[in-house]
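# Topology and contacts: notes
Single-letter residue listing:
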Amino acid sequence: MKRLRRPLPLTVLSALLVWALPQLSYADTPSIVALNKTPVFTDSKGMGTLSTSLSINPSVDTPNFTYSNKEIDLWERVRAGYAIPDLDNKLVSNQVTWYSTRTDYILRTVQRGSRYLYHVVEELEKRGMPTELALLPFIESAFNPQAISTTKATGMWQFMAATGKDFNLKQNMFKDDRRGVLDSTDAALNYLERLHGMFGDWQLTLAAYNWGEGSVLRAIKKQQALGLPIDFDSMSALMPAETRNYLPKLQAVKNIIAHPEQFNIALPKLENQPYFVSVDKTRDIDVRVAAQLAELSLDEFNALNPQFNRPVITGSSNTKILLPTDNANLFKENLSKWQGPLSSWSTLSVQKTEKVETLASRLGVKPDLLRDVNLIPARMFVKAGSTILVPKSDKNADTDIAPELADKAQLMIEKGVATRQINYKVGKRDNLNSIAKRYQVSVADVRNWNNLKHDSVSTGQTLHLQVPVMNKSTRTTVASHSKAPATTHQAQAHGKQTLVAHLKTAKKRHG
């Protein structure tokens, strides 16, 4: 879903569909409908409309199997639910060649996805959706919940920020539900279900998931105007290369999973049982402590709980962590015996734009600690109104971060003005305030730079100052109690763009 567009409002979709697909009634659509279980598109009389050419045979396009043998390998369960009509063309052949000649890549992706596949298959079967959709993260992210595309689509299902918000995926300083296994899977299946209710065809549904429903509707209108078919294969020439190859990639993976022996690939057996369970957590807890109590490595804990952006998991009635079944029991047992603090982090609301060094000095911590825990790059200022994570003090050792604060917290940073160091000799009429004002720095900065315990300075004392870099044409030599150098437009304008700190994530692989 690298180019997933924000879903169009239903009123706009209604107009588009009536404009593009005027022939038939809603009663002719397949049984899988939109989430609200009512017609998504209506005409002026309130009647649904959808084209006959979009209709498919529900017995072909909807899973039709009874699954009862819980002992079989999970791969057999996936294969049993295949229901999307096969695509067979040169693009599929090319993708089959690409994947089948990269056995190591296939096996790495399968190993990563083995944590999540059972849950996805369960959710698909509950909704009566084709089980090959469980392989879609293979294409989207190589089953990497930390994946981020060049267009900032994020997570296993690759949601853009706006689309994620439309499907109630929270994105704040402390968590990004686009990466969360449970929430992102639910949102992705909701969206796929909605698209299928719109198009009545899983191949076009997948095209819309990647390209956007508006784009697919416009392509359908163009084909209909020319009297041409409106199936995926016939319309692929109208699609961008990424979308044109999207379904062929899924078909290639589907073929390999169906008959791995034909490609000399030995898929590892996947147990047909849950890999993880959900554990409620109502108090703040450090990620490190949670992993320790569960007796898991940090890597494994983060693989199951990738939505948490900071080293503390804020607690509320809705907070859940995922743990392997055996480790969940260990977690509960170890938690009942735990004597130390669960969380070592609190928050600070930044009242004015400041350097990290200034904040760190006031808090009595190292600047690198604040940068690392808050993901603040070097030479960036923290803007007023930001919330930053800080170590707890003795006064608030037992206080959790308020859930409402965690939901709204944001960190805003901006690039600082370039500076150079000078030495300033204090004159008879100087004081710390006048020196700071002259060079457009704060008194707190001057104190920090010179390790001063108070605001008084002595005549003849040498102070180290970090002053803005001037344009060469207007730069003046700074001397003892001289006038402040003229500030150039370049120095004033430099670095005013506001940025938002993001968690570093792995680059998206093929697909």
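Residues numbered from 1 in each chain as written. Predicted model: local features only at pLDDT ≥ 70, side-chain atom pairs only at ≥ 80, totals over all residues. Heavy atoms only, no water.

### Section: the overall build of the protein
Stated precisely, the cut-off is as follows: Strands are runs of DSSP state E lasting at least 2 residues, helices are runs of H or I lasting at least 4, and numbering of each runs from the N terminus. The buried label applies to any residue whose accessible area, calculated with a 1.4 Å probe on protein chains only, is under 20% of its type's maximum; exposed applies above 50%, and partly exposed to all values in between. Whether two residues are in contact is decided by their heavy atoms: any pair within 4.5 Å suffices. Residue-level accessible areas treat just the shown protein chains as cover; the underlying method is Shrake-Rupley with a 1.4 Å probe.
Helices and strands together make up the secondary structure of the protein, namely 23 helices and 14 strands. Expressed as a percentage of the 511 residues in the protein, the buried residues total 50%. A separation threshold of at least 6 residues defines the contact pool for the protein, and within that pool the share at least 24 residues apart is 73%. As displayed, the protein has an accessible area near 24,700 Å², and 50% of this comes from carbon and sulfur atoms.

### A short note on the environment of Arg371
Our working definition: Any pair of nitrogen or oxygen atoms within 3.5 Å is treated as a polar contact; in protein, a donor-acceptor pairing is required on top of that, and neighbouring residues in sequence qualify only through side-chain atoms on both sides.
Looking at where Arg371 falls in the secondary structure, it is placed in helix H19 (residues 367–374). Judged by its relative accessible area of 11%, Arg371 is buried. Excluding its chain neighbours within four sequence positions, the residues that come into contact with Arg371 are Val356, Glu357, Ile376, Pro377, Ala378, Arg379 and Met380. A distance of 2.8 Å separates the side chain of Arg371 from the side chain of Glu357, its partner in a polar contact.

### With respect to the confidence of the model for the protein
Put simply, the rule is: Values of pLDDT, which run from 0 to 100, indicate the predictor's confidence residue by residue.
Residue-level pLDDT values for the protein average 81, and 77% of them are 70 or greater. Contacts from residues 472–511, a stretch scored under 50 in pLDDT, to residues over four places away or in other chains number 90 contacts.

### Considering the pattern of salt bridges
The criterion, for reference: Here a salt bridge means any side-chain nitrogen of Lys or Arg lying within 4 Å of a carboxyl oxygen belonging to Asp or Glu.
One pass over the structure, following the stated rule, counts 22 salt bridges. Here Asp86 makes a salt bridge to Lys254, at a shortest N to O gap of 3.0 Å. In this pair, Asp86 sits in the loop between helix H3 (74–80) and helix H4 (90–100) while Lys254 sits in helix H14 (residues 246–258), placing the two residues 168 residues apart along the sequence. A salt bridge links Glu333 to Lys337; its shortest N-O distance comes to 3.4 Å. With Glu333 and Lys337 both in helix H17 (residues 325–337) and 4 residues apart, the pair spans about one turn of that helix. On the basis of relative accessibility, which here comes to 40%, the residue Glu333 falls in the partly exposed class. Connected through salt bridges with shared partners, the residues Arg77, Glu122 and Glu125 form a single ionic network.

### Remarks on H17
Count 3.6 residues to each turn of an α-helix, and residues three or four apart come out pointing the same way. Put simply, the rule reads: Each helix should span, by expectation, one fewer than its residue count multiplied by 1.5 Å. The directions considered for the arc are those from the helix axis to the C-beta atoms.
The first and last C-alpha atoms of H17 sit 19 Å apart over 13 residues, in line with the 18 Å expected at 1.5 Å per residue. All of the buried residues along H17 are Asn327, Ala328, Phe331 and Asn334. The buried residues of H17 occupy an angular sector of 135° when the element is viewed end-on, so they sit on one face. Exposed residues pointing more than 90 degrees away from the buried face of H17 are listed as Asp326, Lys332, Ser336 and Lys337.

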